[in-house]
Amino acid sequence: MFEHLPLYAGDPILGLIGEFAEDPRPNKVNLGVGIYYDELGRVPLLPSVQQAEELLVGEHQPRSYLPMEGSPAYRRVVEQLLFADSVDASRNSVAIIQTVGGSGALKVGADFLKTAWSDSQVWVSDPTWDNHLGIFQGAGFTVNRYPYFEPAAKQFDFEGALQALGALPAKAIVLLHPCCHNPTGIQPEREHWVKMLDVLQARDAILFLDIAYQGFGKGLDEDAWLIRECARRGLTFLVSSSFSKTFSLYGERVGALSVHTGRDSHAQVFGQLKLHVRRNYSSPPMFGASIVARVLGDPALNQQWQGELAQMRDRITAMRAALVEGLTKRLPEQDFAFLAHQEGMFAYTGLSAPQVRALKAEHAVYAVETGRICIAGLSPSNLDHVIEAFAAVM
Ligand code: LMR
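This one's a predicted model, so the numbers in the text were calculated from it and none came from an experiment.

Calculation notes
- Residues numbered from 1 in each chain as written.
- Predicted model: local features only at pLDDT ≥ 70, side-chain atom pairs only at ≥ 80, totals over all residues.
- Heavy atoms only, no water.
- 1 Å grid on protein atoms, 1.4 Å probe; cavity = no way out; pocket = protein on both sides within 12 Å on 5 of 7 lines; lining within 4 Å.
- Points joined across faces, edges and corners; volume = space filled by probe spheres on them.
- Helix = DSSP H or I, 4+ residues; strand = E, 2+ residues; numbered from the N terminus.
- Contact = heavy atoms within 4.5 Å.
- Axes fitted to C-alpha atoms, helices over the stretch in contact; angles between N-to-C directions.
- Parallel < 35°, antiparallel > 145°, perpendicular 65-115°, else oblique.
- Left-handed = near helix turned anticlockwise from the far one by under 90°.
- Nonpolar A, V, L, I, M, F, W, Y, C, P; charged D, E, K, R; others polar.
- Phe/Tyr/Trp six-rings, centres within 6.5 Å; stacked < 30°, edge-to-face > 60°.
- Buried < 20%, exposed > 50% of the residue type's maximum accessible area, 1.4 Å probe, protein only.
- Lys NZ or Arg CZ within 6 Å of the ring centre and 35° of its normal.

Scanning all chains against the criterion turns up one cavity of 30 Å³ or more. Reported here for the largest cavity is a volume of approximately 80 Å³. Along its surface, the largest cavity is lined by 13 residues, and Leu81, Gln214, Ser242, Phe243 and Thr246 are the ones closest to its centre. When contributions to the lining of the largest cavity are tallied by element, the ones reaching two or more residues are helix H3 (72–83) and strand E9 (237–242). Ranked by residue count, the leading element in the lining of the largest cavity is H3, at three residues.

In this structure, Leu273 sits in helix H10 (residues 266–280). It is 46 Å that separates the C-alpha atoms of Leu273 and Asn27, two residues lying 246 residues apart in sequence. If near-sequence neighbours (up to four positions away) are discounted, Leu273 is found in contact with Ala95, Ile97, Val108, Phe112, Leu257 and Val259.

We now examine the packing of helix H12 (residues 299–330) against helix H15 (residues 383–393). When two helices pack together, their arrangement is given by the angle between their axes and by how far apart the axes lie. The geometry of H12 relative to H15 is characterised by a closest axis approach of 10 Å and an angle of 45 degrees between their N-to-C directions. As the angle between them shows, H12 and H15 are arranged oblique. Considering the relative orientation of H12 and H15, their crossing is right-handed. When H12 is examined against H15, the residues Met319, Ala322, Leu323, Gly326, Leu327 and Arg330 are found in contact with a partner set consisting of Leu383, Ile387, Glu388, Phe390 and Ala391. Grouping the amino acids of the contact of H12 with H15 by side-chain chemistry returns eight nonpolar, one polar and two charged.

Per the stated rule, a full pass over the model turns up 12 aromatic pairs. Judged by centre distance (5.1 Å) and plane angle (90 degrees), the rings of Phe20 and Tyr366 are edge-to-face. Taken together, the residues span a long stretch of sequence, with Phe20 in helix H1 (residues 15–22) and Tyr366 in strand E12 (residues 365–366) at a distance of 346 residues. Ring centres of Phe149 and Tyr348 lie 4.9 Å apart, and the angle between their planes is 90 degrees; this geometry places the pair in the edge-to-face category. Pair noted here: Phe149 is in strand E5 (residues 149–150) and Tyr348 is in strand E11 (residues 346–348), with a separation of 199 residues, a long-range link. Of the residues examined, Phe149 reaches a relative accessible area of 18% and is grouped as buried. With a relative accessible area of 10%, Tyr348 lands in the buried category. Against the face of Phe20 rests Lys28, its NZ or CZ located 4.7 Å from the ring centre.

Pasting the structure below:
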């Protein structure tokens, strides 16, 4: 019945998890998937999360269905975290639903846009997170790329991006990363964003902002600047967001889709989002979102979490600096300063696919074939091995 189907080649990021687990080499290092590890190489259970979890378990709540749009308490804290005072929460200008992770938000958002603007096409940065392509293509869109990474200088290609965005057809769907660009870690300056937004606004583009790392870049508020600027401009736009990384809640699949609508279309948009949820999975799961709502809704736990988030951010920054220093010492003829200017969990090393394959085969260091590494997989105990491995393949 199904023999005609092609074999799935596997996912370029998630596929590495299984391969890494089966690798028997004791010195293996996983810099593939975007997961934050602490300096002992463990996925942390944040103390704020643990406390909220214990409180919730102690309350022994029944497990009825959540509404299609998810938990009201969770949706309120998400709105506050993303939009802060750029919107008036009492005016119903943002339609928010809880989703199955950030991927679920992208999927529901893509399905929703296909209903609203079926003839539109999608533009994503070149490069982008591989699954952006998969999700929008899966929703039936043609996906195009706009220039983003300038390989010679290893920096943001502002002129290229501006020119391409200025030539878009009306109602083009444009995916933007408000912070911690995945995979490059390269962010436009604010003055770049302002010019890009001017152009996109003039082209009547539909903006889709994907933020999975709020607080891993410069800080919670700084990282959400683009979202708040779009709201202040009164734009209609979508935001997909995730607590996988910032709460270390990967397996709980806690995400959200927010549509800044202005008041006029709020009811239509909110209804359509619920319809797409119903058709996909009916309603979202409860526990992970309850943890996030409890932590963010309690001033003391919220403060504590912000401290834990800052610790994760600081560790990433320290490991990035140590990598740049170590590589510069080991390979003084090469310039690694570009790595220091990147932000967030990822570094875009410039390693080619054959070099990445050699890293894995000869040194048990796993990276994504695009040359992306997850800085949060580095620790004081594996750094020297990684630097030696890089030096050997570079
Ligand atoms: C990543 O980019 O590694 C993460 O967002 C995990 C994923 O789903 O790809």
